[in-house]
Structure formats: structure tokens, C-alpha cells
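What the coordinates show
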Amino acid sequence: MADVSIIHPYLRTRENFSLPKNALCVGITGGMGSGKSTVTQLFKQIGWAVIDLDKMAQELTEQGGAAIKPLAQAFGESVITQDGALNRVAMREMVFNDKQAKQTLESILHPMIHDAAAAQAHRFAQTHRKIIFDIPLLAESEQWQKALDWIVVIDCPREIQIERIRQRNPNLPFPTIEAILNQQASREARRAIADAVIDNSPQNTVENRNKHLHLYTQINIIINKLQHYQEERL
Ligand SMILES: CC(C)(COP(=O)(O)OP(=O)(O)OC[C@H]1O[C@@H](n2cnc3c(N)ncnc32)[C@H](O)[C@@H]1O)[C@@H](O)C(=O)NCCC(=O)NCCS
Ligand SMILES: Nc1ncnc2c1ncn2[C@@H]1O[C@H](COP(=O)(O)OP(=O)(O)OP(=O)(O)O)[C@@H](O)[C@H]1O
């Protein structure tokens, strides 16, 4: 049975005040295919507001998105499709094989993603007291670490991540999967910023009637703790 590890049994003291102070703001991170979206959807089912930073990045780079112009200026028109959206495959092949290109992309997108996510959080805080942020690059971002009340890391071995990604994205070439994973923080670097670690190594099967039972059990423990911390703080 998978167990959640509670590493820091108290809320953080925020040092960056970009998020609403009247809502509990919890960050979730983990490598590609570790299960972040799966876990945040379970939080959503029990009434939490969810902010997904990969989705925000996608919106900024759709046709007419605010990031299109600066990206065309930095990388040239070849990374923009005829419809005026970001050519994601071209950009993916470029950034995950070239550190400089990745840095340039992030220097344009990350401030925009941060501002869009913070604005969304303030809107959600009018109706929700609990917000969960899916932040793939949380271990790389001190700005986000300082803004959140608590950080949950989703952990599973690299081989399982690869297996799940290959099932989810059968057309993604294996070398690309490896290139992306190699550009991401290590399991150890993520654990170093964790207040809690969810173990998502158990495999669900179609026949398994208790789909995600191992996640529900761990999330319940986290929610009970957070309820207690939030009441203490208020
Ligand atoms: C490079 C892009 C165009 C590739 O798009 P594509 O649709 O092929 O991939 P997708 O967005 O689904 O991401 C694939 C995987 O890579 C991860 N990932 C995305 N950006 C990065 C990054 N800069 N560094 C490391 N991993 C990343 C995602 O979390 C996901 O696990 C896109 O990922 C992008 O715009 N990335 C920059 C935005 C970013 O840094 N997002 C992370 C938000 S914290
Ligand atoms: N315990 C599990 N057993 C089997 N499959 C799982 C499990 N957890 C997640 N998955 C599947 O693995 C894939 C990756 O999960 P998910 O999309 O939640 O990961 P993610 O961390 O959000 O990935 P990304 O960073 O690429 O967006 C999905 O197809 C999901 O349904």
C-alpha cells in the first residue's frame, strides 16, 4: 500500500505575496507523467479550485495569445503556425535539446504565466477558500515556492513515468520523452522542496475497481491535515 509522507507538518510562511491571502494555496509538482493532473482532478472533485500552469502556457501561446508576438521576435516566424499559434512540435524539438533556447522561452513565458495564474487565483478566491496549483517547474522556481502555503510532490520511478507517457502519448518519440525528462528536476531535487510526498507508483489496471484508491487514501490524509492547519491559521 502506498503511503503519503508528511515532511513538514505546518504551513509555510509566505515571503511572496502575489497570491490571495484569504485562500489556502497549495502547489503540486512532479515530473512529466507522474500524475499531477490525475491528483489535481481528485482535489477538484472535492471542491478545490484548480489552476494548471501548463494550461495557462497553452492559452498564452494559442492563436492571438499574448505570448505569440514576443516569441516570434525571439525565435523567428518559423515557430508560429499559419494560424498564428505557437508551433508546439517545432518549439518542443528546439527547447528540449537546447538549454539556451529553453531559457529564452522560459524568460518570455514564465513571468506571463505567473501573472495570469495569480490573477486567476484572486478571481477564484472570491468563491473558494482552497486552491491547488499544478506547477510542473516548482522545484526550479523560488518565486513560486515562496508564494505557496504548502507543497505536495507526486513521486514515482522514472520507468513508470515513461510507461505512462508512452501509453498516453503513443506518437511522442522515445528520444523526445527522454530529452524532456532529462531537462526536468531530479526526484531528489523535488523531494527537497516537499512538505508532503504522494507515492503514485502503484499501477491502476482497467480491471481494478478501486481506481486511484491509493491516491484517494493519501489525499484524504493531506486534506485532514490541511483543514487543521487552516483552522489554526485563521
Ligand atoms: C515547449 C512546449 C511548446 C512543448 O509543448 P507540447 O505540447 O509538446 O508539450 P507540453 O506542454 O504538453 O509539455 C510536455 C511536458 O513537458 C513539461 N514542460 C513544459 N515546459 C517545460 C519546461 N520549460 N521545462 C521542463 N519541462 C517542461 C510539461 O510539464 C509536460 O510534462 C511547451 O511545453 C511550452 O510552451 N513550455 C514552456 C512553458 C513552461 O515552462 N511550462 C511549464 C509551466 S511551470
Ligand atoms: N496510478 C496510476 N496508474 C496508472 N496510470 C496512471 C496512474 N496515475 C496516472 N496515470 C496515467 O498516467 C498518465 C500521466 O498522468 P497525468 O497526466 O496525471 O500526469 P502529469 O504529471 O499531469 O503529466 P504531464 O506533466 O505530462 O502533464 C495519464 O494518462 C494518467 O491517466
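Residues numbered from 1 in each chain as written. Chains lettered and ligands numbered in written order. Predicted model: local features only at pLDDT ≥ 70, side-chain atom pairs only at ≥ 80, totals over all residues. Heavy atoms only, no water.

1. Here's the deal with the site of ligand 1
The full set close to ligand 1 counts 18 residues, and Asp 54, Arg 88, Arg 92, Glu 106 and His 110 are the nearest of them. Within the contact set of ligand 1, an oxygen atom lies 3.0 Å away from a side-chain nitrogen or oxygen of Arg 92. Between ligand 1 and Gln 184, the relevant distance is 3.0 Å, taken from a nitrogen atom to a side-chain nitrogen or oxygen of the residue. Broken down by element, the residue count for the shell around ligand 1 peaks at five residues, all from helix 5 (residues 99-124). Each residue belonging to the shell around ligand 1 can be placed in one class, and the counts come to 11 nonpolar, two polar and five charged. (Near = heavy atom within 4 Å. Polar contact = N/O pair within 3.5 Å; in protein donor to acceptor, adjacent residues only side chain to side chain. Helix = DSSP H or I, 4+ residues; strand = E, 2+ residues; numbered from the N terminus. Nonpolar A, V, L, I, M, F, W, Y, C, P; charged D, E, K, R; others polar.)

2. Structural notes on the pattern of salt bridges
Scanning all chains against the criterion turns up eight salt bridges. Across the salt bridge formed by Arg 14 and Asp 149, the nearest N and O atoms sit 2.8 Å from each other. Residue Arg 14 is located in the loop between strand 1 (5-6) and strand 2 (24-29), and its partner Asp 149 is located in the loop between helix 6 (142-147) and strand 5 (150-155); the two are separated by 135 residues in the primary sequence. Residue Arg 14 shares its accessibility class with Asp 149, and that shared class is buried. One salt bridge in this structure joins Glu 93 and Arg 92, with 3.8 Å as the shortest N-O distance. Within this structure, Asp 155, Arg 187 and Arg 191 form a network of salt bridges that share partners. (Salt bridge = Lys/Arg side-chain N within 4 Å of Asp/Glu carboxyl O. Buried < 20%, exposed > 50% of the residue type's maximum accessible area, 1.4 Å probe, protein only.)

3. A closer look at the nonpolar core
In terms of nonpolar packing, the biggest core is built from 40 residues, with Leu 19, Ile 51, Phe 133, Trp 144 and Leu 148 touching the most fellow members. Of all the elements in the fold, those that place two or more residues in this core are strand 3 (49-52), helix 2 (53-60), helix 3 (68-75), helix 4 (88-95), helix 5, strand 4 (130-134), helix 6 and strand 5. If you tally residues by element for this core, the top one is helix 5, at eight residues. The residues touching Trp 144, leaving out its near neighbours within four places in the chain, are Leu 19, Leu 53, His 114, Ala 117, Phe 133, Ile 135 and Leu 138. Within the second largest apolar cluster, 22 residues are counted, among which are Val 4, Trp 48, Trp 150 and Ile 198. (Core = buried A, V, L, I, M, F, W, Y, C linked by side-chain atoms within 4.5 Å. Contact = heavy atoms within 4.5 Å.)

4. Comments concerning the UniProt feature "binding site: ATP" (unreviewed entry) in the protein chain
Look at the UniProt record and you will see "binding site: ATP" (unreviewed entry) annotated at Gly 33, Ser 34, Gly 35, Lys 36, Ser 37 and Thr 38. If you trace the backbone, Gly 35 turns up in the loop between strand 2 and helix 1 (36-45). Judged by its relative accessible area of 11%, Gly 35 falls in the buried class. Ignoring anything within four residues of it in the chain, the contact list for Gly 35 reads Ile 154 and Asn 200. Structurally, the position occupied by Thr 38 is in helix 1. (UniProt positions renumbered as here; feature names shortened; annotations may be inferred.)

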